[in-house]
Amino acid sequence: MSNQTHSISRFPLVRKFWKPAVATGAGGTSLIIWFEEIIAFAAEFISVIVISLMAGLIYLYKTYIFKSAMPRSDDLKKK
């Protein structure tokens, strides 16, 4: 049996940010705005990471596909 007297929140983020959100504004409204800002920041951060990964994949694709288009020394000597 557990002797815990406090309830455990399923969302640790809620437990972490509810006090500053309530202190800065009108309670629930400011809490929603805080979470909206956190989600917007996460979306921007994830998009920067995805764009970087896509740029790396495009660079690798370009390197491996067009490497065969570069002239070799044998091709230059045949003239």
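Residues numbered from 1 in each chain as written. Predicted model: local features only at pLDDT ≥ 70, side-chain atom pairs only at ≥ 80, totals over all residues. Heavy atoms only, no water.

## Brief notes about the overall build of the protein
Here's step 1: For the protein, the helix and strand inventory stands at three helices and zero strands.
Here's step 2: Reading the helices (α) and strands (β) of the protein from amino to carboxyl end gives α-α-α. (Helix = DSSP H or I, 4+ residues; strand = E, 2+ residues; numbered from the N terminus.)

## Some words on the packing of aromatic side chains
Here's step 1: Going through the model one piece at a time under the given rule, you end up with one aromatic pair.
Here's step 2: A ring pair is formed by phenylalanine 41 and phenylalanine 45, whose centres lie 6.3 Å apart and whose planes are at 20°; its orientation type is stacked. Of this pair, phenylalanine 41 and phenylalanine 45 are both found in helix H2 (residues 28-66), four residues apart, which corresponds to roughly one turn of the helix.
Here's step 3: Its relative accessible area of 57% is what places phenylalanine 41 among the exposed residues. (Phe/Tyr/Trp six-rings, centres within 6.5 Å; stacked < 30°, edge-to-face > 60°. Buried < 20%, exposed > 50% of the residue type's maximum accessible area, 1.4 Å probe, protein only.)

## Some words on the confidence of the model for the protein
Here's step 1: Mean pLDDT over the protein works out to 77, with 66% of the residues at or above the 70 mark.
Here's step 2: Taking the mean pLDDT of every element in the protein, the minimum, 67, falls on helix H1 (residues 12-24) and the maximum, 89, on H2. (pLDDT = per-residue confidence, 0-100.)

## A word on a nonpolar patch on the surface
Here's step 1: Taken together, the side chains of Phe41, Phe45, Ile46, Ile49, Val50, Leu53, Met54, Leu57, Tyr59, Leu60 and Tyr64 define a hydrophobic patch exposed on the protein surface, amounting to about 1200 Å² of accessible area.
Here's step 2: By the element assignment, leucine 53 lies in helix H2. (Patch = residues over 30% accessible without salt bridge, like charges linked within 9 Å, V, L, I, M, F, W, Y side chains within 5 Å. Areas by Shrake-Rupley, 256 points an atom, 1.4 Å probe, with all protein chains shown as cover. Salt bridge = Lys/Arg side-chain N within 4 Å of Asp/Glu carboxyl O.)

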